[in-house]
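A structural walkthrough
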There are 6 protein chains.
Amino acid sequence: MDEFKIRKIVTQAIEEDIGTGDITTESVVEDEERSSGKIKFKENGVLAGLPVAELVFKEIDDGVNFQALKKEGQTIRPGEVVAEVSGRSASILKGERLALNFLQRLSGIATKTRRYVKEVEDYDVKVVDTRKTTPNLRILEKYAVKIGGGYNHRMGLYDAVLIKDNHIRSAGGIEEAVARVGHEHTLKIEVEVESVEDVKKAIRVDVDIVMLDNMSMDEMKEAVRIIGDEAVVEASGGIDIHNIKEVAATGVDVISIGALTHQISSLDISLDLF
Amino acid sequence: MDEFKIRKIVTQAIEEDIGTGDITTESVVEDEERSSGKIKFKENGVLAGLPVAELVFKEIDDGVNFQALKKEGQTIRPGEVVAEVSGRSASILKGERLALNFLQRLSGIATKTRRYVKEVEDYDVKVVDTRKTTPNLRILEKYAVKIGGGYNHRMGLYDAVLIKDNHIRSAGGIEEAVARVGHEHTLKIEVEVESVEDVKKAIRVDVDIVMLDNMSMDEMKEAVRIIGDEAVVEASGGIDIHNIKEVAATGVDVISIGALTHQISSLDISLDLF
Amino acid sequence: MDEFKIRKIVTQAIEEDIGTGDITTESVVEDEERSSGKIKFKENGVLAGLPVAELVFKEIDDGVNFQALKKEGQTIRPGEVVAEVSGRSASILKGERLALNFLQRLSGIATKTRRYVKEVEDYDVKVVDTRKTTPNLRILEKYAVKIGGGYNHRMGLYDAVLIKDNHIRSAGGIEEAVARVGHEHTLKIEVEVESVEDVKKAIRVDVDIVMLDNMSMDEMKEAVRIIGDEAVVEASGGIDIHNIKEVAATGVDVISIGALTHQISSLDISLDLF
Amino acid sequence: MDEFKIRKIVTQAIEEDIGTGDITTESVVEDEERSSGKIKFKENGVLAGLPVAELVFKEIDDGVNFQALKKEGQTIRPGEVVAEVSGRSASILKGERLALNFLQRLSGIATKTRRYVKEVEDYDVKVVDTRKTTPNLRILEKYAVKIGGGYNHRMGLYDAVLIKDNHIRSAGGIEEAVARVGHEHTLKIEVEVESVEDVKKAIRVDVDIVMLDNMSMDEMKEAVRIIGDEAVVEASGGIDIHNIKEVAATGVDVISIGALTHQISSLDISLDLF
Amino acid sequence: MDEFKIRKIVTQAIEEDIGTGDITTESVVEDEERSSGKIKFKENGVLAGLPVAELVFKEIDDGVNFQALKKEGQTIRPGEVVAEVSGRSASILKGERLALNFLQRLSGIATKTRRYVKEVEDYDVKVVDTRKTTPNLRILEKYAVKIGGGYNHRMGLYDAVLIKDNHIRSAGGIEEAVARVGHEHTLKIEVEVESVEDVKKAIRVDVDIVMLDNMSMDEMKEAVRIIGDEAVVEASGGIDIHNIKEVAATGVDVISIGALTHQISSLDISLDLF
Amino acid sequence: MDEFKIRKIVTQAIEEDIGTGDITTESVVEDEERSSGKIKFKENGVLAGLPVAELVFKEIDDGVNFQALKKEGQTIRPGEVVAEVSGRSASILKGERLALNFLQRLSGIATKTRRYVKEVEDYDVKVVDTRKTTPNLRILEKYAVKIGGGYNHRMGLYDAVLIKDNHIRSAGGIEEAVARVGHEHTLKIEVEVESVEDVKKAIRVDVDIVMLDNMSMDEMKEAVRIIGDEAVVEASGGIDIHNIKEVAATGVDVISIGALTHQISSLDISLDLF
C-alpha cells in the first residue's frame, strides 16, 4: 500500500480526531517522555492495515519508530503482538485510537473475507467485493478484501461497464444497452441478468461478464451451462456465509458479497503501552 | 445537519465513486431521459441520513428534486418509502449507490442506538458513543447516534479532557495528572478509573466525570454510592445489549458503547426507479 | 461532461490566471457595464470544450449567460460563431483568455483526432489515445479525443492491466508476467509484444489485448493472422497520419496514437465583444 | 525551481495517473526488485524539466535516487543521457510515463523558444511568452520559456496592467482607460494599440509599454520611431518563426509569441531501464 | 471584491469557528425561527468588508438576505447601521461573530489608512502598505487599505522586484544586483537605499523606484532632488502618524507604512438582532 | 505546537507571499550562497511563535537549520537574539518576512496577555481570550495567549455551550434555553447574564459557568456572592488594562478580554543576516 495513495485519508483523519489539540495529553504528558507499546490482537483474525497504522504515527511525529512483527494477511491468535511502536509518549497517545480504528476495521474485513474464501476453497471460484463500501475508505476496504484472500470487483463507476436493470430499461433491452456502450477496447462489459432468458440475450451480444442477480440455485446452474466459456459468470445478491458453498457448487466463476464491507465487525485489537 | 459541514465528505465520496466518469450510464442512458425513484426500507429501522443522501444527488446535479417523506429519527417499517427523488435518470443512477451507502450506514447506527436506548428506558441513564468511529465520518456517525436517541461523548481529543490509564501512569497518579491539566474553565475533566480506590482519588481532586472502566456490577454500585452528586458517573468497557440493563441498574449516569459505531450493520434500503 | 468532474480543474485555472485580481479590468471597466461576445472559429476544425468554457465564466460570475450555438463534435468553418456570452463586461473580460485556452486546446485535439479517424474510415479499426496527455488535464483531453471520433485507451494505471517490456523482463517472460497478474475479473489484460514469437506466447496465456509495438507492416499482418479472434489487436508506436492507413490495412483492431495529445496545436478561436 | 511551488501540480498529476493503483506493476513486479534507468533524448533539443521529473519519482517513493547528468538549458543531441534514476523497480515504473510527460513538454517548449531566440540573436530584442499557456501548468511552461532563453510576459492578470481593445472601448478611449488605472506605483502599465494614431495617444499619457497589435512592418517602424525612449515597444500578433526576424528588424524591444506555449511539440525522450 | 477570490478564506474561517457544530444554537434555537439584525458601528470609522461579511452568511445558509445600507469606504458615525441581515435565526447566530471579526478588522485598517491619507492630503503623495500583513489575509487587508484611500505596494514577492540590503550584499553592490535581475519587461525594479551615495548608484542603473530606507528628513530631501524624474521615490521605515506630514514635505512620491496592517485596531461594530 | 496542526496555515501563507516566485531573490542571489541570520527582539516582550517561524523556513527548504536560543514564554529584552537560522541565503530571504509576520504577531499577543496577567497576579483569577480572533489564525493566537500566561475560552462554537442573549430571547428565557440544551455530559454550559435577577435564574438551572456581561462592579460583587461555589463566575465586556484589577477584586474566577486578540500590536523583531 503506497503511502502517497493513503496520505490524504490519514491526514484528514488525524485532523478529525486531534483538531485543535489533544488537550489531555498536551497538558498531562511531558514532552520529553518516551515509551513503547505493543499492538496486540485480542481475538483470532487476519491482520490488515499495519501500513495505515504506521502512517498515522509517522504523520503525527516522524520520530516515532514502528516495527511490524507480522505480515499483512497472516492469521493472528489472541494475545499475539503484531507490531511495536516506540517514541515520544505524547505522540503515541495522540495516534493510538486512530491507528486502532483503521487496524480494527481493516482486519475485521480481512477476517470476514477469509471466512468466505475458506468456505468455498474446494471450488474454483473467486469471492469478490462490491461498491457497498464506506464512503471515502474504498481503497482501504478493497485492499483489506484482497489481504483476506478475496478479489476486487470494479473500484468505481469508471473502471468497468456494468449494465444494471435500470440501464437496460432505459435502453429498451439488453441488446440495445450493450449496443450503446462506448466500447473502449480496454474495458470489460458486464450485464446484470434476472432470468435465463436474459442470459441468452447477454451471450448473444457477447458481453464479458454475466451477473446473475438473485437467481435460484437451479437457475444459476442452468445459466452456467448456457454460458459455458462465453463469459465469466458472477453470482450476486442474497449470498451469505450459509449459502455461499451451495452457490459455488453451481459452477459460477465469481461470487460477489456486499456484506464483506457493508457489515463491519471491527476486530478487538489493543495498544498496550509500557 | 448543515450542508456546509458535510459538503467536503460528500464531494470526496462522489469523486471516489465516479472518478473519471460513470462509463456505463454516460453511454447507455440518454441525457434528456428523466425518471423518479423511491427510497424504500426493506427492514425495520430508524431513519438517519436523508440530508446526506439528498446532498449526494444535489452535488451531482442540482436539478435533481429530492422529497423527504419521513423525518430523521422516525421508525420505518419494511416497504415504507422515506423519500422520492426525480430528475435526469443519469444523475439519479450516478448517485444511487453512494446515497444508499450513506443512508444504510447511518440508519444502521441509529437503529442500533435506538435498541440500546430502549433497553434502558426505565432508567435515568444516557447511552453515549465513543471515538471508535469510522475515520473521516465521525461527524455523521455521531449525528446518527443522536438521531437514534443516544448522546455524544466528546467529538475528538480537543473538546474534553479525558485522563486515561496511560496519562495517569505518565503523571504518576490520578491526583498528579489532574493537577497538570490546563484547567481551561470551559472544559470538563473526566478520569478513567479501574478500582474503587481510584474513584476516591478522583473525587478528592474534584473531576467532573468519573469513567468506570471494565468494573464489575458490584464495583460500579459501590462507585455510584461513593461519588453521589460529586461527579457524573460513566460506565465503559465490555457493555453490550445483553448486560446494559444490568449496568443501568447500578445507578450510573452514562453508559458508553463503542459498538454503536464500531460494529456497523448497514440497513437494507433500496432505491427503486420507475 | 458533468460539471462536478471538471470544477476543480476550472477553479484552479481561474486562480492561476486571476490570482489576487485582474488589476486592469477591475480599475478600467465599470462594475455595472454589460456586454456580449461571440466565440468564433478562425480556422476549420471540430468543436470541443464548450461546457468547459461555459464553466469558466459561471465560476467567475454566475450571472453570465452562455449560449451554445453549435454542438460538441460539429465541424466548424472559419467565421462561424459557436457560442454567445453576455453579462457583466468585467466578468467576460476576466474569463476570456482562460475560456479560450481550454476551447482552443480541446478543439485542436478533436480536430486532429478527426483527421486520423477520417484517414482510416474505410477500415474497421478504432483510433485511440494514450497516457501521453498533459498532466492534470487528462480527463479533458481524452474527452476531446472522443468528441473527435476516437476512442480512449485506459484512463490511467488503474483501469486496465498493460504488461510492458519492463514488466516482462522483471517477471522473466510473458507467461510469468501474466501469471502474476491479480486477475480481477472486471479488468482486461493487455500485453505489449515486440515479435511474432511473443504474439504466440501472449495468445497461449489468453490475454485480452495484444499490443504490437513498433512492428513492421509484415509483422503486423502476421500477428493479425495468428491472433484471429483470440484477442483484440492493437498497433502502437511510430504511427502518424502518413502511415496510419497502411497500418489499418494490416487488419489490426485498434491503433493508438500518442500524438493525439502529445503534440498540441491549439485551434485559432476568438472571443469578440460588442 | 523550488519544490514547494510545484509540489501540488506534481502530486495531483500522480493521483491522476496512478489513482487507486498501478495494477500492473503492483502485481507483476516484486516489491524488493531494484533497477536503474537512463533518461535519454531521442532527438535534438533543449533540456527543461529535470527537477519536475525528479519530484515525480520522489513523491512516489523518496527512496528513488535521481542523478541529473545535464543542466537545464543545455542543448542535447539524440542518444545523450540527461539523468539516471535508480531504486525500487516498481517505483520507477509507476513514475516513468508522468516524469516523461512533464519532461517532454517542457523540453519541447524550451527547444522551440531557443529556435525563436536564435533567429533574432543579432537584434537587441527579447522573445517573450503570453498567457496562452496550458491551464494549471503556467508556472512550468513559463519556466521552460526562460530555460530556452526567452523572457516572461506577465504571469497572470494580477502582476501588470495590460489595457486591451475591450478595455479601451469600455473606458471610451486610451487616455480615459489609463486615467482610470489604479496607479499602484510598483506596477507597469501596458497599452495595446492598433494604429499609429493610438501610439501617439499612449505616449501622451505616459504608459510604460506599448503593445503593437498586428501591425504591418511599416507601421511598426513608424511606431518605434515615435516612441523612442518613452516606452518599451512590444510587437504582438501573427508573428512566427518565418517573420520574426523581419519584426525584430523594425527595432521593437520585445516580441511576444503565443505559439511558444500554445502549440506544444513534445520532444521525444525515453526512459530505458536496465 | 469578487466572491471567487475570497471564498476559500471565508469557508476555512467558517470551519474554524463552527467545526463540528454550533452546539448552542443547534439545540436552543428552533430551525424555523427567523429574525433580522442590524450591523451597527459603535465608533467613528471607515466601512470596509461588507462583501466579506455577506459571504460569511451566504456560505452558511444561502437563504440569508443581506442588505448593504452603506458603501465600502463611507465614513460611518457611531450608531449608524451599515447593513441589515435577515433569515433563519440559527444561521445569523452562527455567522455573527465571524462576520464581525472580518468587518471589524477590515474597517479598522481602512479607518487607520484614512487617517494617514488625510494627514498628507495637501501633498502629492501616496500612502501605501507593505508585506507586513496577517498571514493568509493579505488580499483582504490590502483591499481595506485601498478602501481607506491608500495604495498597495506589491502583493507578494512575485509581482515586482525589490532589491533590499541583503540582496545588494549578496550581489556585491547595487549595480551588480540590478544587473542580475531577470529584466522581464512587465516588471518594475525597486531598490532599497540607505544613503545618498546609494541613491546615485541606483539612478545610474536606471531603476524604476528608489526606496529611501530610514533616512533623515534632510537625506530624503537631498535624495528627492537627485532623483528628480528619473524614478519614483518611496520613503520607508519609522514613519508614523506623527511624522508622516514632515516626510511628505520632503517631496517623496510614496510613503509606505507597515503599521497600516501590522498594528490592527479592530473597530467596534455590533450585530443587533430583533 | 505540533507541526501537523499548523502545516496548512504555514504552507498557505508561503503560497500567498511567494506565489509564482520570489523574482528578486531568484535572480539576484546565487543558488549555492549560504548565510546565517539572527532573529532579534527590538523591544521588550514575551517570545511566542518560534516553532511557527521555524516551520516557515523548513517548508521552503528543509536544508535550513533553525536554532532556538530562547524558550517560548520567556521575557526578552531589546537586542536579545531568540534564534539563529542558517542555510541557503535564498531560502532565508524567501522566508524572512513571513517568519517575522508570524513571530511579531504572536509575540505581540503573548506580551499583551502577560501584561493583563501581571496586573491581576494578586488575585485568584484567570485571564482568558475570546472568539474575537483573526479568521484562520485562531489556533495560533490562542496558543500565544497561553504562552503569555492566559487561558483559553472555548476554541469555537463546538466545544462548549454558551447561551447568549439572543439564544435566551429565542428560547423565551434562561430556564427554557438551558432546558433545550443537548446535555452531552462532556460539555459545560455557560450562560450570559445581564442582571442579578438573571444570575439567580442561571443558578437555579444549574449551569456550569455564569458570564456577567457588562455589569457594574457592585453587580459583579453581588453576583459573586449569590453564585458562591455553584458555578464558575466569568466577567466579560468593557474590561481593559485600566479596570481589570478592580474587576478581579470583585471575586470573579475568570475575566475574558477580547482585546487580547482583537487589537494586535505586532512586536518589533528583525532578522539580521550576516
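Residues numbered from 1 in each chain as written. Chains lettered and ligands numbered in written order. Predicted model: local features only at pLDDT ≥ 70, side-chain atom pairs only at ≥ 80, totals over all residues. Heavy atoms only, no water.

Quick look at a negative patch on the surface now. Residues Asp124, Asp206, Asp229, Glu230 and Asp253 of chain A make up a contiguous surface patch of negative charge. Secondary-structure assignment places Asp229 of chain A in the loop between α9 (217–227) and β10 (232–236). (Patch = residues over 30% accessible without salt bridge, like charges linked within 9 Å, V, L, I, M, F, W, Y side chains within 5 Å. Areas by Shrake-Rupley, 256 points an atom, 1.4 Å probe, with all protein chains shown as cover. Salt bridge = Lys/Arg side-chain N within 4 Å of Asp/Glu carboxyl O. Lys, Arg positive; Asp, Glu negative; His and termini not counted. Charge placed at Lys NZ, Arg CZ, Asp CG, Glu CD. Helix = DSSP H or I, 4+ residues; strand = E, 2+ residues; numbered from the N terminus.)

Turning our attention to the interface of chain F and chain E. Contact with chain F, which involves 64 residues of that partner, is made by 64 residues of chain E. Contact between chain F and chain E buries roughly 5300 Å² in total, counting both sides, with carbon and sulfur atoms accounting for 48%. Contact with chain E buries surface across chain F, with Glu16, Asn136 and Leu157 of chain F losing the most and accounting together for 13% of the total. Run the count over chain F and chain E and you get six salt bridges. Among the ionic pairs, Arg131 of chain F bridges to Asp17 of chain E, the shortest N-O distance being 2.7 Å. At the surface where chain F touches chain E, the tally comes to 48 residue pairs in polar contact (both at pLDDT 80 or more). Among the elements that take part in the side of chain F that touches chain E, helix α4 (residues 89–119) of chain F stands out by supplying nine residues, more than any other. (Contact = heavy atoms within 4.5 Å. Buried area = accessible area lost by both parts, 1.4 Å probe. Polar contact = N/O pair within 3.5 Å; in protein donor to acceptor, adjacent residues only side chain to side chain.)

This paragraph deals with the relation of the copies chain F and chain E. The transformation that overlays chain F on chain E combines an axial shift of 0.0 Å with a rotation of 180°, and the residual RMSD is 0.0 Å. In short, the pair behaves as if placed about a two-fold rotation axis. The C-alpha atom lying nearest the rotation axis in chain F is that of Ile264 of chain F; the distance is 2.4 Å. Most of the interface of chain F is mirrored in chain E, where 100% of its interface residues again form contacts. (Least-squares fit on C-alpha atoms with pLDDT ≥ 70 in both.)

Residue and element names in this part refer to chain A. Domain annotation for chain A reports domain 1 (3–117 + 264–273) and domain 2 (120–262). Computed over C-alpha atoms only, the centres of domain 1 and domain 2 are separated by 34 Å. Taken together, the contact pairs 22 residues of domain 1 with 24 residues of domain 2. Both sides of the domain 1 and domain 2 interface together cover about 1800 Å² of buried area, and 72% of this is carbon and sulfur. If you look at where domain 1 meets domain 2, you find zero salt bridges. Taken together, the connections running from domain 1 to domain 2 amount to seven residue pairs in polar contact (both at pLDDT 80 or more). Breaking the side of domain 1 that touches domain 2 down by element, the ones donating at least two residues are α1 (3–18), α3 (50–60) and α4 (89–119). Ranked by the residues each element gives to the side of domain 1 that touches domain 2, the list is headed by α4, at ten residues. (Domains from an automatic or database assignment.)

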